[in-house]
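# Working through the structure, step by step
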Amino acid sequence: MYDIIVIGGGPAGMTAAIYARRAAKSVLVLEAVTCGGQILNTPDIENYPVEAHISGFDFSNKVYEQAKGLGAEFVFEKAVEIRDEAGVKTVVTAKNAYQAKAVILATGSENRKLGLEDEDRLTGKGVSYCATCDGNFYRRKVVAVVGGGNTALEDAQYLSDIAAKVYLIHRRDSFRGEETNAERLKARENVEIIYNANVTRLISEKRLKAIEVTDKLTGEVRTIELNGLFIAVGRVPENQNFANLVKLDASGYVEAGEDCHTNADGIFVAGDNRTKALRQLVTATADGAMAATEAVKYINAL
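Residue numbers restart at each chain and count upward from 1, following the sequence in its written direction. Only residues with pLDDT of at least 70 get local features here, since the model is predicted, and only at 80 or more are side-chain atom pairs given and counted; chain-wide, interface and lining totals rely on the full set of residues. The side-chain quantities take in all heavy atoms of the structure and omit both hydrogens and water.

## Quick notes on the sheet that holds strand β15 (residues 228-231)
A pair of strands is treated as paired once DSSP finds two or more bridges between them. Under the DSSP-based scheme used, a helix requires at least four consecutive residues in state H or I and a strand at least two consecutive residues in state E, with every element numbered from the N terminus. Strands sit in the order β8-β15-β9-β10-β11 across an open sheet of five strands; the sheet is parallel. Each edge of the open sheet is held by one strand with a lone partner, namely β8 (127-128) and β11 (191-194). Where strand β9 (residues 142-146) meets strand β10 (residues 165-169), five bridges bridge the pair, whose relative direction is parallel. Each bridged residue has a counterpart across the sheet, and for Val142 the counterpart in β10 is Lys165.

## Description of the nonpolar core
Ile4, Val6, Val27, Phe74 and Ile104 are the most contacted members of the largest nonpolar core, which totals 33 residues. If you list the elements that add at least two residues to this core, you get β1 (2-7), α1 (11-22), β2 (27-30), α2 (56-69), β6 (97-105) and α7 (281-300). For this core, the leading source of residues is α7, giving seven residues. Any pair of residues with heavy atoms lying within 4.5 Å of one another is described as a contacting pair. Dropping the residues within four chain positions of it, Ile4 is found in contact with Ala20, Lys25, Ser26, Val27, Leu28, Ala100, Ala102, Ile104, Ala295, Val296 and Ile299. Throughout, nonpolar core names a set of buried Ala, Val, Leu, Ile, Met, Phe, Trp, Tyr and Cys residues whose side chains join them through atoms within 4.5 Å. Buried residues are those whose accessible area, probed at 1.4 Å on protein chains only, stays under 20% of the maximum for their type, while exposed residues exceed 50% and partly exposed ones sit between those limits. Grouped together as the second largest cluster of nonpolar side chains are 20 residues, Ile5, Tyr98, Val103 and Leu248 included.

## Things to note about the environment of Gly9
Residue position: Gly9 is located in the loop between β1 and α1. Take Gly9: its relative accessible area is 0%, and that puts it in the buried class. In this structure, the C-alpha to C-alpha distance between Gly9 and Ala106, residues 97 residues apart in sequence, is 7.3 Å. Ignoring any residue separated from it by four or fewer positions in sequence, one finds Gly9 in contact with Met14, Val29, Leu30, Glu31, Cys35 and Gly36.

## Let's talk about the sheet that holds strand β12 (residues 197-204)
Ordered by their spatial adjacency, three strands build an open sheet running β12-β13-β14, and the pairing between neighbours is antiparallel. Pairing within the sheet leaves two strands with one partner each, and these edge strands are β12 and β14 (221-225). On average, each strand axis in the sheet is inclined to that of its neighbour by 25°, with strand direction left out of account. Think of each axis as a best-fit line through the C-alpha atoms, taken over the contacting stretch in the case of a helix, with angles from 0 to 180 degrees between the N-to-C directions.

Following this line, the structure appears as C-alpha coordinates:
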(Lines give C-alpha, C1' and ligand atoms only; values in the text may rest on other atoms or scores of the structure.)
Protein backbone atom coordinates (compact mmCIF):
# COMPACT_ATOMS: atom_id res chain seq x y z
CA MET A 1 0.00 0.00 0.00
CA TYR A 2 1.18 3.50 -0.88
CA ASP A 3 0.74 6.54 1.30
CA ILE A 4 -0.51 8.65 -1.62
CA ILE A 5 -1.64 7.84 -5.14
CA VAL A 6 -1.65 10.79 -7.52
CA ILE A 7 -3.93 10.36 -10.53
CA GLY A 8 -2.49 12.46 -13.36
CA GLY A 9 1.06 13.34 -14.35
CA GLY A 10 0.67 16.97 -15.36
CA PRO A 11 2.32 19.89 -13.53
CA ALA A 12 -0.14 19.64 -10.61
CA GLY A 13 0.28 15.91 -10.18
CA MET A 14 4.06 15.92 -10.49
CA THR A 15 4.39 18.84 -8.06
CA ALA A 16 2.18 16.95 -5.61
CA ALA A 17 4.54 13.99 -5.93
CA ILE A 18 7.55 16.20 -5.18
CA TYR A 19 5.98 17.65 -2.03
CA ALA A 20 4.75 14.27 -0.83
CA ARG A 21 8.15 12.65 -1.28
CA ARG A 22 9.82 15.53 0.55
CA ALA A 23 7.48 14.68 3.42
CA ALA A 24 8.81 11.10 3.28
CA LYS A 25 5.57 9.60 2.00
CA SER A 26 5.49 6.82 -0.58
CA VAL A 27 3.95 8.05 -3.81
CA LEU A 28 2.58 6.42 -6.96
CA VAL A 29 1.70 8.62 -9.93
CA LEU A 30 -0.74 7.08 -12.41
CA GLU A 31 -0.67 8.74 -15.84
CA ALA A 32 -2.75 7.56 -18.79
CA VAL A 33 -0.51 8.76 -21.63
CA THR A 34 2.61 10.84 -20.97
CA CYS A 35 3.69 13.19 -18.22
CA GLY A 36 3.26 16.90 -18.78
CA GLY A 37 -0.39 17.35 -19.60
CA GLN A 38 -1.64 20.33 -21.58
CA ILE A 39 1.53 22.36 -21.00
CA LEU A 40 3.42 20.01 -23.35
CA ASN A 41 1.76 21.84 -26.25
CA THR A 42 3.07 25.28 -25.23
CA PRO A 43 6.17 26.21 -27.25
CA ASP A 44 7.28 29.05 -24.99
CA ILE A 45 6.26 29.59 -21.36
CA GLU A 46 6.69 33.28 -20.59
CA ASN A 47 4.71 33.83 -17.38
CA TYR A 48 6.17 31.32 -14.92
CA PRO A 49 8.39 32.78 -12.17
CA VAL A 50 12.19 32.30 -12.33
CA GLU A 51 12.57 31.12 -15.94
CA ALA A 52 11.14 33.59 -18.46
CA HIS A 53 11.38 31.36 -21.53
CA ILE A 54 11.13 27.57 -21.48
CA SER A 55 9.17 25.16 -23.66
CA GLY A 56 6.37 23.13 -22.13
CA PHE A 57 8.23 19.97 -23.10
CA ASP A 58 11.42 21.03 -21.30
CA PHE A 59 9.49 22.25 -18.27
CA SER A 60 7.62 18.96 -17.97
CA ASN A 61 10.80 16.92 -18.30
CA LYS A 62 12.47 18.90 -15.53
CA VAL A 63 9.56 18.43 -13.14
CA TYR A 64 9.34 14.74 -14.00
CA GLU A 65 13.06 14.19 -13.37
CA GLN A 66 12.80 16.03 -10.06
CA ALA A 67 9.87 13.91 -8.88
CA LYS A 68 11.50 10.73 -10.12
CA GLY A 69 14.79 11.66 -8.47
CA LEU A 70 13.02 12.07 -5.14
CA GLY A 71 11.64 8.55 -5.37
CA ALA A 72 8.14 8.96 -6.78
CA GLU A 73 6.99 5.93 -8.78
CA PHE A 74 5.33 6.45 -12.18
CA VAL A 75 3.04 3.91 -13.83
CA PHE A 76 1.46 4.64 -17.20
CA GLU A 77 -2.07 3.32 -16.76
CA LYS A 78 -5.41 5.12 -16.84
CA ALA A 79 -7.34 5.20 -13.57
CA VAL A 80 -10.97 4.29 -14.19
CA GLU A 81 -12.37 3.99 -10.67
CA ILE A 82 -11.72 4.73 -7.00
CA ARG A 83 -13.15 2.52 -4.26
CA ASP A 84 -13.15 3.74 -0.68
CA GLU A 85 -13.50 0.84 1.74
CA ALA A 86 -12.85 1.29 5.46
CA GLY A 87 -10.58 4.24 4.79
CA VAL A 88 -8.45 2.40 2.23
CA LYS A 89 -8.55 3.88 -1.25
CA THR A 90 -8.30 1.40 -4.12
CA VAL A 91 -7.52 2.95 -7.49
CA VAL A 92 -8.49 0.65 -10.34
CA THR A 93 -6.95 0.77 -13.82
CA ALA A 94 -7.64 -1.41 -16.85
CA LYS A 95 -4.75 -3.64 -15.78
CA ASN A 96 -4.29 -3.42 -12.01
CA ALA A 97 -5.59 -2.15 -8.69
CA TYR A 98 -3.48 -0.04 -6.34
CA GLN A 99 -4.16 0.88 -2.72
CA ALA A 100 -3.31 4.03 -0.77
CA LYS A 101 -4.22 5.94 2.36
CA ALA A 102 -4.94 9.11 0.34
CA VAL A 103 -5.58 10.03 -3.28
CA ILE A 104 -4.92 13.25 -5.17
CA LEU A 105 -6.97 13.81 -8.32
CA ALA A 106 -4.89 15.75 -10.82
CA THR A 107 -6.52 14.52 -14.00
CA GLY A 108 -6.60 17.86 -15.79
CA SER A 109 -8.86 18.16 -18.81
CA GLU A 110 -9.23 17.12 -22.45
CA ASN A 111 -9.90 19.06 -25.63
CA ARG A 112 -13.40 20.43 -26.10
CA LYS A 113 -14.78 19.72 -29.57
CA LEU A 114 -16.93 21.93 -31.77
CA GLY A 115 -19.46 19.13 -32.22
CA LEU A 116 -19.58 19.41 -35.99
CA GLU A 117 -20.45 16.64 -38.42
CA ASP A 118 -17.33 14.73 -39.54
CA GLU A 119 -15.17 16.37 -36.85
CA ASP A 120 -14.01 13.02 -35.50
CA ARG A 121 -13.49 11.55 -38.97
CA LEU A 122 -11.36 14.50 -40.05
CA THR A 123 -9.19 14.57 -36.93
CA GLY A 124 -5.71 13.97 -38.29
CA LYS A 125 -6.98 14.73 -41.79
CA GLY A 126 -7.04 18.49 -41.55
CA VAL A 127 -8.55 18.90 -38.09
CA SER A 128 -6.20 19.18 -35.11
CA TYR A 129 -6.27 20.21 -31.46
CA CYS A 130 -2.51 20.76 -31.11
CA ALA A 131 -0.73 23.42 -33.14
CA THR A 132 2.72 22.58 -31.86
CA CYS A 133 2.17 18.89 -32.61
CA ASP A 134 0.81 19.26 -36.12
CA GLY A 135 1.70 22.78 -37.26
CA ASN A 136 4.71 21.73 -39.29
CA PHE A 137 2.45 19.74 -41.64
CA TYR A 138 0.99 23.05 -42.83
CA ARG A 139 4.15 24.89 -43.77
CA ARG A 140 3.34 27.59 -46.34
CA LYS A 141 -0.32 26.51 -46.37
CA VAL A 142 -3.58 28.09 -45.19
CA VAL A 143 -4.95 27.29 -41.75
CA ALA A 144 -7.51 28.57 -39.26
CA VAL A 145 -7.65 28.60 -35.48
CA VAL A 146 -10.94 28.63 -33.57
CA GLY A 147 -11.06 30.15 -30.08
CA GLY A 148 -10.43 33.28 -28.06
CA GLY A 149 -8.37 32.25 -25.05
CA ASN A 150 -4.62 32.18 -24.54
CA THR A 151 -4.29 28.78 -26.19
CA ALA A 152 -5.97 30.00 -29.38
CA LEU A 153 -3.88 33.19 -29.44
CA GLU A 154 -0.65 31.26 -28.88
CA ASP A 155 -1.60 28.68 -31.50
CA ALA A 156 -2.34 31.37 -34.07
CA GLN A 157 0.94 33.12 -33.35
CA TYR A 158 2.89 29.88 -33.58
CA LEU A 159 1.21 28.96 -36.87
CA SER A 160 1.80 32.42 -38.34
CA ASP A 161 5.53 31.60 -38.37
CA ILE A 162 4.84 28.45 -40.37
CA ALA A 163 1.76 28.90 -42.52
CA ALA A 164 1.21 31.27 -45.42
CA LYS A 165 -2.09 32.49 -43.98
CA VAL A 166 -3.80 32.13 -40.60
CA TYR A 167 -7.45 32.90 -39.88
CA LEU A 168 -8.39 33.32 -36.23
CA ILE A 169 -12.12 32.81 -35.69
CA HIS A 170 -13.69 33.91 -32.41
CA ARG A 171 -17.34 33.88 -31.42
CA ARG A 172 -17.10 37.15 -29.48
CA ASP A 173 -15.92 40.68 -30.28
CA SER A 174 -13.00 40.59 -27.84
CA PHE A 175 -10.54 37.98 -26.65
CA ARG A 176 -10.52 36.19 -23.30
CA GLY A 177 -6.77 35.70 -23.56
CA GLU A 178 -4.07 38.06 -22.35
CA GLU A 179 -3.95 41.44 -24.08
CA THR A 180 -0.22 41.13 -24.76
CA ASN A 181 -0.84 37.94 -26.73
CA ALA A 182 -3.69 39.55 -28.64
CA GLU A 183 -1.70 42.66 -29.57
CA ARG A 184 1.26 40.59 -30.68
CA LEU A 185 -1.02 38.58 -32.94
CA LYS A 186 -2.74 41.61 -34.45
CA ALA A 187 0.62 42.86 -35.65
CA ARG A 188 1.18 39.77 -37.81
CA GLU A 189 0.59 40.55 -41.49
CA ASN A 190 -0.49 37.03 -42.43
CA VAL A 191 -3.16 36.78 -39.71
CA GLU A 192 -6.81 37.67 -40.34
CA ILE A 193 -9.09 37.86 -37.31
CA ILE A 194 -12.78 37.10 -37.75
CA TYR A 195 -14.88 38.25 -34.79
CA ASN A 196 -18.46 37.33 -33.83
CA ALA A 197 -18.45 34.16 -35.91
CA ASN A 198 -18.76 30.39 -35.54
CA VAL A 199 -17.46 27.56 -37.67
CA THR A 200 -20.67 25.84 -38.70
CA ARG A 201 -19.60 23.28 -41.30
CA LEU A 202 -16.58 21.26 -42.32
CA ILE A 203 -16.23 20.70 -46.08
CA SER A 204 -14.17 17.72 -47.11
CA GLU A 205 -13.45 14.91 -49.50
CA LYS A 206 -10.86 12.55 -48.00
CA ARG A 207 -9.38 15.52 -46.13
CA LEU A 208 -10.62 18.88 -44.93
CA LYS A 209 -10.88 21.28 -47.86
CA ALA A 210 -12.79 24.28 -46.49
CA ILE A 211 -14.97 25.52 -43.67
CA GLU A 212 -18.16 27.51 -43.48
CA VAL A 213 -18.12 30.41 -41.04
CA THR A 214 -21.38 32.04 -39.97
CA ASP A 215 -21.50 35.64 -38.75
CA LYS A 216 -23.47 35.68 -35.49
CA LEU A 217 -24.76 39.22 -36.06
CA THR A 218 -25.83 39.09 -39.69
CA GLY A 219 -26.21 35.37 -40.37
CA GLU A 220 -23.96 35.73 -43.41
CA VAL A 221 -22.15 32.50 -44.33
CA ARG A 222 -18.59 32.65 -45.63
CA THR A 223 -16.69 29.74 -47.14
CA ILE A 224 -12.95 29.69 -46.45
CA GLU A 225 -10.73 27.30 -48.38
CA LEU A 226 -7.92 25.98 -46.22
CA ASN A 227 -5.71 23.04 -45.44
CA GLY A 228 -5.95 22.80 -41.68
CA LEU A 229 -8.26 23.75 -38.81
CA PHE A 230 -6.92 23.99 -35.26
CA ILE A 231 -9.60 23.88 -32.56
CA ALA A 232 -8.78 25.65 -29.28
CA VAL A 233 -12.12 26.25 -27.59
CA GLY A 234 -11.31 25.09 -24.11
CA ARG A 235 -11.04 21.92 -22.14
CA VAL A 236 -13.38 19.43 -20.49
CA PRO A 237 -12.39 18.17 -17.00
CA GLU A 238 -11.72 14.44 -16.76
CA ASN A 239 -13.58 13.70 -13.55
CA GLN A 240 -16.55 11.54 -14.51
CA ASN A 241 -14.89 8.29 -13.48
CA PHE A 242 -14.81 9.55 -9.89
CA ALA A 243 -18.24 11.19 -9.66
CA ASN A 244 -19.41 8.41 -7.35
CA LEU A 245 -17.08 9.71 -4.61
CA VAL A 246 -16.41 13.40 -5.18
CA LYS A 247 -18.89 16.17 -5.80
CA LEU A 248 -18.76 17.86 -9.23
CA ASP A 249 -20.21 21.20 -10.28
CA ALA A 250 -22.51 21.66 -13.28
CA SER A 251 -19.51 21.83 -15.63
CA GLY A 252 -17.92 18.66 -14.30
CA TYR A 253 -15.19 20.24 -12.16
CA VAL A 254 -14.45 18.85 -8.72
CA GLU A 255 -15.84 21.18 -6.08
CA ALA A 256 -12.94 22.25 -3.85
CA GLY A 257 -11.48 25.44 -2.42
CA GLU A 258 -7.90 26.61 -2.15
CA ASP A 259 -7.14 23.90 0.41
CA CYS A 260 -7.84 21.30 -2.32
CA HIS A 261 -10.11 19.22 -0.06
CA THR A 262 -12.97 17.40 -1.74
CA ASN A 263 -16.14 16.29 0.04
CA ALA A 264 -14.61 12.80 0.47
CA ASP A 265 -12.20 12.14 3.33
CA GLY A 266 -8.70 11.40 2.10
CA ILE A 267 -9.36 12.46 -1.49
CA PHE A 268 -7.87 15.75 -2.65
CA VAL A 269 -7.81 17.55 -5.98
CA ALA A 270 -5.19 19.66 -7.74
CA GLY A 271 -5.01 21.52 -11.03
CA ASP A 272 -7.31 22.34 -13.89
CA ASN A 273 -9.94 19.75 -12.96
CA ARG A 274 -11.06 21.61 -9.80
CA THR A 275 -13.31 24.64 -9.42
CA LYS A 276 -11.15 27.76 -9.53
CA ALA A 277 -11.03 31.27 -10.97
CA LEU A 278 -7.69 30.94 -12.78
CA ARG A 279 -6.29 27.92 -14.60
CA GLN A 280 -2.64 28.56 -15.30
CA LEU A 281 0.62 26.67 -14.90
CA VAL A 282 1.46 28.56 -11.72
CA THR A 283 -1.91 27.75 -10.11
CA ALA A 284 -1.59 24.09 -11.10
CA THR A 285 1.76 23.73 -9.36
CA ALA A 286 0.44 25.67 -6.36
CA ASP A 287 -2.49 23.24 -6.15
CA GLY A 288 -0.10 20.31 -6.29
CA ALA A 289 1.87 21.65 -3.36
CA MET A 290 -1.28 22.37 -1.34
CA ALA A 291 -2.97 19.04 -2.09
CA ALA A 292 0.13 17.07 -1.11
CA THR A 293 0.57 19.07 2.09
CA GLU A 294 -3.05 18.48 3.08
CA ALA A 295 -2.81 14.78 2.17
CA VAL A 296 0.25 14.43 4.39
CA LYS A 297 -1.62 16.08 7.28
CA TYR A 298 -4.52 13.70 6.71
CA ILE A 299 -2.26 10.62 6.77
CA ASN A 300 -0.36 11.77 9.83
CA ALA A 301 -3.63 12.17 11.74
CA LEU A 302 -4.83 8.63 10.99
